[in-house]
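Single-letter residue listing:
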Amino acid sequence: MLSAFNRPLPVIAFIIAALLLDQAIKYAVEIYLPMQELIPVLPFWALYRTHNLGVAFSMLSHLDAWFIVALRLVIVAFVLWLWRKTGPEQHWAHLGFSMIIAGALGNLIDRCTYGYVVDYILFYTQTWSFAVFNLADSFITLGAACIVIDEIIQHRKPKPEAD
């Protein structure tokens, strides 16, 4: 299954499916969730609609919107380049690159459509809360974790003996 992610067609299909899911959820959030109102789901998880004008965790929100769009496009191009340069046996890395591209494009679509990124997932306790994020951010984070896992796997593989 993971080996499919080193071929373009399965990657494109995955990215399209991830984008459709991400955008459908964000559309529903924009329509049905009140702005900046905590809606508990579980004791540690809530829905909380907010708009992110920057990149991850609102960093760089002071920069021009078109600069952020260009930055995201450069990141997508760089990750595509990495995907093509990665060996076919590095299945986890290919999955990770696909997830990062899907997440970056999902947030880029938001930026171009709304002028901001729609965030809605909040983990919290009585004394602590994490930054509000979305499914696309989760794809990016999980994609990076997949790449790290692949690096660990590749590092642990026995090296061929030199003659």
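Residues numbered from 1 in each chain as written. Predicted model: local features only at pLDDT ≥ 70, side-chain atom pairs only at ≥ 80, totals over all residues. Heavy atoms only, no water.

Chemist: Now, about unusual backbone geometry: what can you tell me, with residues and values included?
Modeler: With a phi angle near 50°, Gln36 is a residue other than glycine that sits in the positive phi range. Along the chain, the position of Gln36 falls in the loop between α1 (8-32) and β1 (39-42). By relative accessible area, which is 48% here, Gln36 ends up partly exposed. (Helix = DSSP H or I, 4+ residues; strand = E, 2+ residues; numbered from the N terminus. Buried < 20%, exposed > 50% of the residue type's maximum accessible area, 1.4 Å probe, protein only.)

Chemist: Break down the confidence of the model for the protein for me, citing the residues and quoting the values.
Modeler: Predicted coordinates in regions of low pLDDT should not be interpreted in detail. With 88% of its residues at a pLDDT of at least 70, the protein reaches an overall mean of 87. Averaged over each element, pLDDT in the protein is lowest for helix α2 (residues 65-85) (81) and highest for α1 (95). (pLDDT = per-residue confidence, 0-100.)

Chemist: Account for the pairing of strand β3 (residues 117-123), naming residues and giving values.
Modeler: Along a regular strand, successive side chains alternate from one face of the sheet to the other. The buried count for β3 comes to 6 of 7 residues, which makes it a mostly enclosed element. As paired strands, strand β2 (residues 45-52) and β3 are joined by 6 bridges and run antiparallel to one another. Across the sheet, residue Trp45 finds its bridge partner in β3, namely Phe123. (Pairing = 2+ DSSP bridges.)

Chemist: Go over the environment of Leu80 with me, naming the residues and quoting the values.
Modeler: With respect to the helices and strands, the residue Leu80 is situated in helix α2. In this structure the C-alpha to C-alpha distance between Leu80 and Ile101, which are 21 residues apart in sequence, comes to 7.6 Å.

Chemist: Would you mind going over the pattern of salt bridges in detail, with residue names and values included?
Modeler: The final tally for this structure, using the stated rule, is 3 salt bridges. The partner of Asp22 in a salt bridge is Lys26, with the nearest N and O atoms 3.0 Å apart. Taken as a pair, Asp22 and Lys26 lie in helix α1 at a separation of 4 residues, close to a single helical turn. Accessibility classification places Asp22 together with Lys26 in one group, the buried group. Notably, a salt bridge pairs Asp110 with Lys26, separated by 3.1 Å at the nearest N-O pair. With Asp110 in helix α3 (residues 91-114) and Lys26 in helix α1, this pair connects stretches of sequence that are 84 residues apart. Each member of the pair, Asp110 together with Lys26, is buried. One connected set of salt bridges, linked through shared partners, spans Asp22, Lys26 and Asp110. (Salt bridge = Lys/Arg side-chain N within 4 Å of Asp/Glu carboxyl O.)

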